[in-house]
Amino acid sequence: MKQSRSVQEYLQLVERLAPKSDMGKGLVRAFWVGGLICVLGQAITDLAMALGMDRQSAGTVCSIALVFASALATGLGVYDQLGKYAGAGSIVPITGFANSVVAPAMEFKREGYVMGVGAKMFSLAGPVLVYGIGSSVIVGLIYFFLGR
Amino acid sequence: MWMYVKAFLVGGALCMIGEALLLRTQLTSSRILVGYVTAGVLLGALGVYAPIVEFAGAGATVPLTGFGYSLAKGAIEAVHEQGWLGAFTGGTASCAGGIAAAILFGYLASVIFTPRTKK
Amino acid sequence: MADKRMGAQTVALPSTPRLAAWSAIVGPKEGEGPLGACFDRVETDDMCGQESFEKAERSLFTSCARLTLDKAGIRPQDVHALLGGDLLNQIISAGFAARQLGIPFYGLYGACSTMAESLALGSMLVDGGHCARVLCATSSHFSTAERQYRSPLELGTQRTPTAQWTVTGSGSALVCEANAARDARVCVTHVTTGKVIDLGVKDANNMGAAMAPAAADTLLAHLQDTGRDYADYDLIVTGDLGSLGRELMLELLRREGRALPPERSVDCGMLIYDASQDAHAGGSGCGCSASVLCGKLLGQLACGELHRILFMATGALLSPTTTMQGETIPSIAHAVVLEHVGKEE
């Protein structure tokens, strides 16, 4: 095949013939699953505040509880099925972050607890911490220099 | 009750935007998470995200943009209290609970459970 | 030497090496598929009683190789070479299996094209008189491929519509000299070696599109070299292009003015799962073409249901590193001509 001529042409052909994801269905699923996880978070926060916690602590309790629920669901093999159904609906909430910590930790258990579990645990979630914490430090420094 | 409706709508909308990005762009889920958390830090720093949190509660804090928001909020508050050192400690401190929980429960899950083949 | 070469890429095998025995072992999902009844063995658990998925794949490879030798009634020490490979880094399934089998071993890496590559090389070794018996084998496993190429099993992600499902399975075939295997009903007559082709596809979740040009290129070279036409074959069998890849190959061939009639084209990746199994574009992996060939097609050739097929397994020669570095996917396809051998009067 004459390669020089056909690269562009071929990529157009692939684009044309490739099946497309069902956008509408995907969006609806992501919406209701993601929304429901947030409602669950709101319920946990409200419960913690009803038990006398301040808002900050209740938020932390909410995070910890959702992370726990996600770790359990991942371990039981439920979260990957939820993810298959809901896509970003179960990726974007903090439960998705927890899933991306727990899944590689479980997966690499057979490579040992130090270089397997320990090292691989943040192979997917690490970038979130790098960019999240990194940019928060920069934001803090900017506030410091721009005169508090 | 109205709070739950707002949390559902805002949280669902944030997830739906993520799904649209997944389906329509070549972005992988890791990149989307990085984008969300960074966007949260930026919106938090600019003061745009706080009203959304006020409005939707967990609908805005549970998605990863909320993670970024609380990183930025923590860093800024700590700068007010401690000066430049706060920029380094404040963000992480505000999210320490979630991160530590992920490490602990992740470790425990890896000890207890074994991954199974998808069907 | 010159008289065995036909054109630029094809070799004729005048001694027509025979396939004396073959077998296919697959995992549970493949067993539930439309070809479930064709395979020699369907594992009930894809761990195959082992401690890790890697060991499970190795055990598939080893048991499949042993089963083929048993069927042929040959001991491992009487096999002159084992040609095999798989998808894992440093082809550990084949290498570690060879350690157990104790057969002189050449490790091959052709990604999902490995079954055709091993048959091609094995037949040439036998035709050249360098080996009397060569065992060609390959394997793949969904869970080992997934953790190496994609993501952890428990990660909640969605697969794109063009994604393919790595087959858990192994196939192996024993190539013998024609005069030593008078009962064998299948022979290899030609081999066409593929070139590495890359038409710029970058998406590692769309390997069918990456491999289709390689398949079209090898097929055209084969027709050119042998002077044959599609009508000379009952079937043109591709390895694991999947539904999109096959469609793209047919379109490329049409544009080259050598349209392949769709009814003569089958793709192993589309045969192994049915629509209800959620495999998206179809099966993939070394074990895909290997198990379909050794489970179904060779049997059909042996009984004369098929007379001559072109078996063309395709491989995407990418790695997670090249994908992360944003490179395009080079691909290859090797073809072997397999024929039914009639009973001697």
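Scroll up to find the structure this text is about.
Here we take up the packing of helix H6 (residues 207–226) of chain C against helix H7 (residues 242–255) of chain C. Residues and elements named next belong to chain C. Where H6 contacts H7, the axes come no closer than 8 Å and their chain directions differ by 40 degrees. One way to sum up the angle between H6 and H7 is to call them oblique. You can see that H6 and H7 cross each other, and the crossing is right-handed. Contacts between H6 and H7 pair Gly208, Ala209, Ala212, Pro213, Ala215, Ala216, Leu219 and Leu220 from the former with Gly245, Leu248, Met249, Leu252 and Leu253 from the latter. Of the residues belonging to the contact of H6 with H7, the class tally is 11 nonpolar, two polar and no charged.

Turning next to the interface of chain C and chain B. Often, the extent of an interface is quoted as the loss of accessible area upon association of its parts. At the interface, 12 residues of chain C touch 10 residues of chain B. Summing both partners gives a buried area of about 860 Å² for chain C against chain B, and 47% of it is carried by carbon and sulfur. Taken as a group, Leu153, Glu154 and Gln158 of chain C account for 41% of the area that chain C buries against chain B, more than any other trio of residues on that side. Linking chain C with chain B are zero salt bridges, by the criterion used here. Applying the counting rule to chain C against chain B returns three residue pairs in polar contact (both at pLDDT 80 or more). Grouping the constituent residues of the side of chain C that touches chain B by class yields five nonpolar, three polar and four charged.

In this section: the packing of aromatic side chains. Tallied over the entire structure, the rule returns nine aromatic pairs over all chains. Note on Trp32 of chain A and Tyr85 of chain A: the rings are 6.1 Å apart at their centroids and 70 degrees apart in plane angle, and the pair reads as edge-to-face. Residue Trp32 of chain A is located in helix H2 (residues 23–50), and its partner Tyr85 of chain A is located in helix H4 (residues 79–86); the two are separated by 53 residues in the primary sequence. Judged by its relative accessible area of 38%, Trp32 of chain A falls in the partly exposed class. Plain terms: the ring middles of Tyr49 of chain B and Tyr69 of chain B are 5.4 Å apart, the flat faces sit at 40 degrees to each other, and that makes the pair tilted. Of this pair, Tyr49 of chain B sits in helix H3 (residues 49–56) while Tyr69 of chain B sits in helix H5 (residues 64–82); the two residues are 20 residues apart in sequence, bridging distant segments of the chain. Classification of Tyr49 of chain B by relative accessible area gives buried; the value is 2%. The exposure class assigned to Tyr69 of chain B is buried, which follows from its relative accessible area of 11%. Here the basic side chain of Arg110 of chain A rests over the ring of Phe53 of chain C, its NZ or CZ set 5.2 Å away from the ring centre.

So, on to the environment of Ala20 of chain C. Note that Ala20 of chain C resides in strand E3 (residues 18–26). Apart from the residues lying within four places of it in its own chain, the contact partners of Ala20 of chain C are Leu174, Cys176, Ala181 and Ala184 of chain C.

So, about empty space enclosed by the protein. Considering all chains together, one arrives at one cavity of 30 Å³ or more under this definition. Lining of the largest cavity is provided by 13 residues; of these, Ile91 and Ser100 of chain A, Ser29 and Leu33 of chain B together with Leu155 of chain C occupy positions nearest its centre.

Further remarks concern the interface of chain A and chain B. Every contact between the two is made by 70 residues of chain A and, on the other side, 68 residues of chain B. Buried area between chain A and chain B, both sides added, is near 5900 Å², and the carbon and sulfur share of it is 76%. Per-residue buried area on chain A facing chain B is highest for Phe31, Gln42 and Val92 of chain A; these three make up 11% of the total on that side. One can count one salt bridge joining chain A with chain B. The closest approach of N and O atoms between Arg55 of chain A and Glu54 of chain B, which form a salt bridge, is 3.7 Å.

Now for helix H2 (residues 29–45) of chain B. Between the first and last C-alpha of H2 of chain B there are 24 Å, a value that for 17 residues agrees with the 24 Å anticipated at 1.5 Å per step. All of the buried residues along H2 of chain B are Ser29, Ile32, Leu33, Val34, Tyr36, Val37, Gly40, Val41, Gly44 and Ala45 of chain B. Along its buried surface, H2 of chain B packs onto helix H5 (88–91) and helix H8 (126–145) of chain A together with helix H1 (2–24), H3 and H5 of chain B. One or two residues past the end of H2 of chain B sits Gly47 of chain B, with phi positive at roughly 80 degrees.

All right, on to H6 of chain C then. Residues and elements named next belong to chain C. Over its 20 residues, H6 extends 29 Å from the first C-alpha to the last, a length consistent with the 28 Å expected when each residue adds 1.5 Å. Counted residue by residue, H6 has 19 buried out of 20 residues, so it is predominantly covered. The positive-phi residue at the C-terminal boundary of H6 is Gly227, with phi of around 70 degrees.

Quick notes on the rules
- Residues numbered from 1 in each chain as written.
- Chains lettered and ligands numbered in written order.
- Predicted model: local features only at pLDDT ≥ 70, side-chain atom pairs only at ≥ 80, totals over all residues.
- Heavy atoms only, no water.
- Axes fitted to C-alpha atoms, helices over the stretch in contact; angles between N-to-C directions.
- Helix = DSSP H or I, 4+ residues; strand = E, 2+ residues; numbered from the N terminus.
- Parallel < 35°, antiparallel > 145°, perpendicular 65-115°, else oblique.
- Left-handed = near helix turned anticlockwise from the far one by under 90°.
- Contact = heavy atoms within 4.5 Å.
- Nonpolar A, V, L, I, M, F, W, Y, C, P; charged D, E, K, R; others polar.
- Buried area = accessible area lost by both parts, 1.4 Å probe.
- Salt bridge = Lys/Arg side-chain N within 4 Å of Asp/Glu carboxyl O.
- Polar contact = N/O pair within 3.5 Å; in protein donor to acceptor, adjacent residues only side chain to side chain.
- Phe/Tyr/Trp six-rings, centres within 6.5 Å; stacked < 30°, edge-to-face > 60°.
- Buried < 20%, exposed > 50% of the residue type's maximum accessible area, 1.4 Å probe, protein only.
- Lys NZ or Arg CZ within 6 Å of the ring centre and 35° of its normal.
- 1 Å grid on protein atoms, 1.4 Å probe; cavity = no way out; pocket = protein on both sides within 12 Å on 5 of 7 lines; lining within 4 Å.
- Points joined across faces, edges and corners; volume = space filled by probe spheres on them.
- Expected span 1.5 Å × (residues − 1).

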